[in-house]
Amino acid sequence: MLIKSLLSSIAAGVFLACTIVTAEESDVLTLTKDSFKTIVEPEKLILVEFYAPWCGHCKALAPEYEIAATALKDKNIKLAKVDCTTETQVCAEQDIKGYPTLKVFKDGNASEYNGGRKADLIINYMKKQALPAISDVNVENFDNFKDSDEKVIIGFFDENSQEEFNTFSQIAEGLREDFLFGATGQKEVITKAEVKPPTIILYKKFDEGKNVLEGTFTKDEITTFIKKNSIPLLAEIGPDNYSSYVDSGLPVGFLFYENPEQRTKLGQEVEPVAKEFKGLISFVFIDANKFGQHADNINLKQDWPAFGISKPEENLKFPFDQSKNITTEAVKEFVNQFVKGEIKPSIKSQPIPEKNDEPVVVLVADNFEGIVYDATKDVLVEFYAPWCGHCKKLAPTYEKLGEAYKAATDKIIIAKMDATENDLPVKATFKVSGFPTIKLFKAGDNEIVDYQGDRSYENIVEFLNTNAITKVDLDVSTPESSSTSESAPTTTAAAEEKHDEHDEL
C-alpha cells in the first residue's frame, strides 16, 4: 500500500489573517459555570483563558487574544475566557493555580497551551492544533505548504519505506505543537523535490533555507536532525521564543548587547563559532536594555557586552570571563572546553555566616549540602527572595517556628536561603521557581516533601509532625506573634510580583 493512501487531505495553504476588533465588540466568548460545559465540551477545538482582572500579564494578553479570536473566527476555532475571581468553581475544577492559564480543549478534553502570547503566535498554534499531526502533501499544494510557516518538515516516502513513515509519524505526533509536518508518496512531488525516498526535508525561512535527511533513519536521528537545524544560527531571544530554546534541550549561549554596534560586532566574532558548534549549542542575541536582569541567571555582572552559556533544564551556568574580550578565538576556546566537559558550572554563593546559631539557620550555596543533606536530621528549608511580599509576610511566623524547634536542632533544623543570591548545588534534583518555596528534606534518604498548605504556624507544625522522620513533641498552638494564614502562591502567581524595571524571559 502506498504511503499517500494513508494520509488525509488538507487545505493548500496556512496563512495569517489578523483583524483588529473595536472596543465595543468581542469575538472572545465569556464563560461562566452555567455555560462552560455546554460551550466547551461540544467543540472540536477551543482555547480557553483563565484570568484575573487585576493580573498584569492578563491585561497585556487581552488585546492579542482579541485579535487572535477574530482572525480564527473564519476557521471555526473559538477562543474563550473565564474570570477566576467570579467563576471560582470552574477554575477550581480546572485546577487553575496562576494567571493567565490557557488550556486547549478538544472534544472536551483539556491539554496545556504551550504557545506564545502574541496574536500571530496564538493563531499559528491553534491552526496547527486544528490540523492532523501529518498533513497530506501533493503536487498541487506542495509549494504553498512548504512555505506556509517559518519551519515546515516534509517526509517523502514510497511503498518500500513504510517503517520510516511509521517512525516519522511518531515524531510528528510528539512535536505537532512546534512544527508543521507533511508527508507524501506522490511521485510527481518526489520528482519536484529532487529526492529519493525515504527522505525528510526541513524547509525554513532562515539560514540556508532547508536541511535534508536522506536514507533510513531512527527516531533519535530524526529528533537530532530537527533539533540541530530548526534553531537559527544567531537569532534574537525574547519572551516569545525563549521556551523553544529550552525545549530544544541544547545549551544556550547568550550574547548580551546594549546597542546595534555591539550586536553587529558580537555577530561578526561569534558567527564562525556558532557554525562550528551547530547542533551542540544554540547562540542567541539578548538585548541588555530589556533583559539585562537575565545576566544574573548566568552569574554574569551587568557589564556589556557579555557572554555566558546556560543549561536551562539543569539550571547550570557557565559565565565567560568578563575581563576578556569577546573574540572568535576566545569564544571558540571557551565553547570547546564547555563541550568537552572541562569547565565546571559556576555556583553563586553568599559568604558562609561566621555565626549561624539563630533560630532559623542561614543557608548559602557553600554550606547547603553539609546542612541540608545531613542524614541524621530533618531539615525544613524556605527558599525566599528579599523583594517578595509573600516572603515578608511569612517571616515572623517562620522565625517563631525556628524558635520553637531551637531546642531540638539535633533532630529538626529550620532553615532559609535567599534564592536570588545563592545557586542550588549541582547535587540538587529540584528547581525553585516561585517564592516562598518550602521543602522538607527528610532524615535518612533525604526524600523531599513539598509544603503546600497555608502559611500558618499550626499547619507547618502539623506538616512536620506528619512528615518528619525524627519526631519532636511540640505544642501546635500558635505563638503570640504568629502572623498570617495565607495560601501558598503557585509559581505562576508568584511571578506576577515584579521586582525591577526589566522585562523577564
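For the structure itself, look to the data block above.
A short tour of the structure in this document, coming up. Just so it is clear, the structure is predicted and the values come from calculations on it, not from any experiment. (Residues numbered from 1 in each chain as written. Predicted model: local features only at pLDDT ≥ 70, side-chain atom pairs only at ≥ 80, totals over all residues. Heavy atoms only, no water.)

**What about helix 15 (residues 457–467)?**
For clarity, the threshold we go by: Accessibility here uses a 1.4 Å probe with only protein chains present; expressed as a share of the type maximum, an area under 20% marks a residue as buried, one over 50% as exposed, and anything in between as partly exposed. Under the DSSP-based scheme used, a helix requires at least four consecutive residues in state H or I and a strand at least two consecutive residues in state E, with every element numbered from the N terminus. Read the arc as the range of directions from the helix axis to the C-beta atoms.
Residues of helix 15 that are buried include every one of Y457, I460, V461, F463 and L464, and no others. Seen along its axis, helix 15 keeps its buried residues to an arc of 155°; they face one direction.

**Regarding the state of the cysteines**
Heads up, the rule is: The rule for a disulfide is simple: a pair of cysteine sulfur atoms within 2.5 Å.
All told, the structure shown has one disulfide when counted by the stated rule. The residue that forms a disulfide with C84 is C91, at a sulfur-sulfur distance of 2.0 Å. A torsion of -85° about the S-S bond marks the disulfide between C84 and C91 as left-handed. Here C84 and C91 have matching classes, each one buried.

**Details of the pairing of strand 4 (residues 101–106)**
Going by this rule: Between any two strands, pairing holds if DSSP finds at least two bridges.
With five of six residues buried, strand 4 is to be regarded as a mostly interior element. Bridge count for strand 2 (residues 46–51) against strand 4 is five bridges, and the pairing is antiparallel. The residue bridging I46 from the neighbouring strand is F105, located in strand 4. Here four bridges tie strand 4 to strand 5 (residues 109–112), and the two strands are oriented antiparallel to one another. Residue pairing in the sheet places K103 in a bridge with E112 of strand 5. Linking strand 4 to strand 5, which pair antiparallel, is a turn of two residues; within it D107 sits at a positive phi near 55°.

**Let's talk about the sheet that holds strand 18 (residues 412–418)**
Rule in force here: Helix axes are fitted only over the stretch in contact, all axes being lines through C-alpha atoms; the angle between N-to-C directions runs from 0 to 180 degrees.
Ordered in space as 16-18-17-19-20, the five strands form an open sheet in which the pairing is mixed. Edge positions in the sheet fall to strand 16 (361–363) and strand 20 (448–450), since each has one partner strand and no second. Here the strands of the sheet are splayed against their neighbours by 30° on average, with no regard to which way each runs. As paired strands, strand 19 (residues 437–441) and strand 20 are joined by three bridges and run antiparallel to one another. By the bridge assignment for strand 20, L440 is matched with V449.

**Points about a negative patch on the surface**
Under the convention used in this document: Patches were defined on residues exceeding 30% relative accessible area and lacking a salt bridge, with like-charge contacts within 9 Å and nonpolar side-chain contacts (Val, Leu, Ile, Met, Phe, Trp, Tyr) within 5 Å. Areas reported here follow the Shrake-Rupley algorithm with a probe of radius 1.4 Å; residue values treat only the protein chains shown as occluding. Any Lys or Arg side-chain nitrogen located within 4 Å of an Asp or Glu carboxyl oxygen qualifies as a salt bridge. Charge convention: Lys and Arg are scored as positive, Asp and Glu as negative, and His as well as the terminal groups of each chain are ignored. Lys charges are placed at NZ, Arg charges at CZ, Asp charges at CG and Glu charges at CD.
Together, D178, D247, E313 and E314 make up a negatively charged patch on the protein surface. With respect to the helices and strands, the residue D178 is situated in the loop between helix 6 (162–175) and strand 8 (180–184). For D178, a relative accessible area of 40% corresponds to the partly exposed category.

**So, the pattern of salt bridges**
Counting across every chain of the model gives 18 salt bridges. Residue K128 is joined to D149 by a salt bridge in which the shortest nitrogen-to-oxygen separation is 3.0 Å. Of the two residues, K128 is situated in helix 4 (residues 119–130) and D149 in the loop between helix 5 (142–146) and strand 7 (151–156); the sequence distance between them amounts to 21 residues. Exposure class is identical for K128 and D149. Each is buried. For K439, the salt bridge is made with D450, and the minimal N-O distance between the two is 2.5 Å. Of the two residues, K439 sits in strand 19 while D450 sits in strand 20, which places them 11 residues apart along the sequence. Here K439 falls in the buried class, since its relative accessible area comes to 7%. One network of salt bridges, in which partners are shared, links K204, E208 and K278.

On their own, these measurements won't tell you what the molecule is for.
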